[in-house]
Amino acid sequence: MSIRFSLVLATRGRTTELVEFLDSVTLQARDDVEVIVVDQNEDGRLAPLLAPFAERLRLTHLRSSIARANHARNLGLRQARGALVSFPDDDCLYPAGLLARVDAAFAADSTLAILTGPAENPAGGLGSGRWRREAGAITAANAWTSVIEFNLWLHRDLALRLGGYDETMGPGTTLGSAEGNDLVLRAVTVGYKAIYDPALRVIHPDKRLSEVAVARAWLYGNGLGFALRRHSVPASVWAPFAIRPLGGVALSLLRLRPRDAAYYGMTFLGRLRGYIRRDATAGRIRPAIQGRPLDGG
């Protein structure tokens, strides 16, 4: 049977969460899925954990000594065989029926190039950022509330044509976020159709205002500011991303929540730093080749 889905998972440091994700893929009850695990650990911790899945999944275990998420994703992308590719996090979970929903969306619309959805908090409701309420086309104005890397689905040949993710962005770099927004907009810029479906959800821990989030706020802010500048969005789009963190700082201080104030403050400073970087408008956008049909519908 041909492979419909290639799930490229970059992982480092996690074990239990990875097993839980693979269990959730198994429960999708499909035999047209491959999982490519790109292992960035320095030791062999994953080998015994992955072994039991070898009989239940098409599983490929790759090793990478470079601890950058986008390098690992691109490494796996080049090995992928499925018509559609996605890049789950190593701590997310697929709800029942997710792959069937994605499959149906692409099968129903031959012009659809990219499909995205939001994050769902394990406790219920939306998590991990601000999300559009309405479904519809993704544009440079609304991509910032429509895209997250672990719930981004696209044709494999388009992903390759784009050159994959920008490896100067993403976890492990100084531009720690917004690489998914950048990838989608590189395709949208030249006319490929990208749709956001708020009902298409992937479960992921909500780390906002956690100790982890405070530590990453500067890097993640850098990535978003850089991407906003790179794609030349108007002030009406980028200004709210500057103003909201300042409001968060003020409100957190009034509520005597210094950790929250630190998170919002570092987010603001990171976004500002990313936006004013000299290379943010250096013409490094690599769009897909326009006009070529997609393979593998």
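So, how was this worked out
- Residues numbered from 1 in each chain as written.
- Predicted model: local features only at pLDDT ≥ 70, side-chain atom pairs only at ≥ 80, totals over all residues.
- Heavy atoms only, no water.
- Helix = DSSP H or I, 4+ residues; strand = E, 2+ residues; numbered from the N terminus.
- Rg over C-alpha atoms; globule rule 2.2 N^0.38 Å.
- Buried < 20%, exposed > 50% of the residue type's maximum accessible area, 1.4 Å probe, protein only.
- Contact = heavy atoms within 4.5 Å.
- Lys, Arg positive; Asp, Glu negative; His and termini not counted.
- Charge placed at Lys NZ, Arg CZ, Asp CG, Glu CD.
- 1 Å grid on protein atoms, 1.4 Å probe; cavity = no way out; pocket = protein on both sides within 12 Å on 5 of 7 lines; lining within 4 Å.
- Points joined across faces, edges and corners; volume = space filled by probe spheres on them.
- Nonpolar A, V, L, I, M, F, W, Y, C, P; charged D, E, K, R; others polar.
- Axes fitted to C-alpha atoms, helices over the stretch in contact; angles between N-to-C directions.
- Parallel < 35°, antiparallel > 145°, perpendicular 65-115°, else oblique.
- Left-handed = near helix turned anticlockwise from the far one by under 90°.
- Pairing = 2+ DSSP bridges.
- Polar contact = N/O pair within 3.5 Å; in protein donor to acceptor, adjacent residues only side chain to side chain.
- Arc of directions from axis to C-beta.

(A) View of the overall build of the chain. A tally of helices and strands in the chain yields nine helices and 11 strands. Taking 297 residues into account, the globule formula puts the C-alpha radius of gyration at 19 Å, and the chain, at 19 Å, falls close to it. Taking all 297 residues of the chain together, 50% fall into the buried category. Long-range contacts, defined as pairs at least 24 residues apart, comprise 80% of the intrachain contacts of the chain with a sequence gap of at least 6. Seen as two clouds, the 37 positive and the 29 negative side-chain charges of the chain have centres 7 Å apart.

(B) Expanded view of unusual backbone geometry. Not every positive phi belongs to a glycine, and A29 is a case in point at roughly 55°. Among the secondary structure elements, A29 is positioned in the loop between helix 1 (16–26) and strand 2 (33–39). If you check the backbone angles, S232 has positive phi at about 55° while not being a glycine. Here S232 lies in the loop between helix 7 (211–230) and helix 8 (235–254). For S232, a relative accessible area of 60% translates into the label exposed.

(C) Spotlight on the layout of surface pockets. Its boundaries defined by the atoms lining it, the largest pocket holds a volume of some 1,600 Å³. As for the largest pocket, its lining consists of 50 residues, and the residues nearest its centre are S128, I148, G176, S177 and Y220. Breaking the lining of the largest pocket down by element, the ones donating at least two residues are strand 1 (5–11), helix 3 (69–79), helix 6 (179–188), helix 7, helix 8 and helix 9 (258–275). If one sorts the elements of the lining of the largest pocket by residue count, helix 7 sits on top with seven residues. By residue class, the composition of the lining of the largest pocket is 22 nonpolar, 13 polar and 15 charged.

(D) Quick look at the packing of helix 7 against helix 9. Across the interface, helix 7 lies against helix 9 with an axial gap of 6 Å and an inter-helix angle of 25°. Classified by the angle their axes make, helix 7 and helix 9 are roughly parallel. Pair helix 7 / helix 9 crosses with right-handed handedness. For the pair helix 7 and helix 9, contact is made by E211, A213, V214, A217, W218, G221, N222, L224, G225, F226, L228 and R229 and by R259, A262, Y263, M266, T267, L269, G270, R271, R273, G274 and Y275, respectively. For the contact of helix 7 with helix 9, the residue count by class is 12 nonpolar, six polar and five charged.

(E) Region of the structure containing the sheet that holds strand 7 (residues 126–127). Spatially, three strands are ordered 7-6-11 in an open sheet, and the strand pairing comes out mixed. Looking at the sheet topology across the chains shown, the edges are occupied by strand 7 and strand 11 (202–203). Examined bridge by bridge, strand 6 (residues 119–120) and strand 11 share two bridges and lie parallel to one another. Across the sheet, residue E120 finds its bridge partner in strand 11, namely I203.

(F) Broad picture of the side chain of D157. Its location among the elements puts D157 in helix 5 (residues 156–161). Engagement of the side chain of D157 in a polar contact is seen with the side chain of R161, the distance being 2.7 Å.

(G) Representation of the side chain of S86 in the model. Within the element layout of this structure, S86 appears in strand 4 (residues 84–86). We classify S86 as buried; its relative accessible area is 0%. Among residues more than four places away in sequence, those in contact with S86 are S6, L7, V8, Y94, F150, L152 and W153.

(H) Structural view of helix 4 (residues 98–108). Turning to helix 4, its buried residues number three or more, namely L98, L99, V102, D103 and F106. What you see down the axis of helix 4 is that its buried residues fit within an arc of 130°, all on one side. Exposed side chains of helix 4 directed beyond 90 degrees from the buried face belong to A107 and A108. On its buried face, helix 4 is in contact with strand 1, strand 2, strand 4, strand 5 (112–116), strand 9 (152–155) and strand 11.

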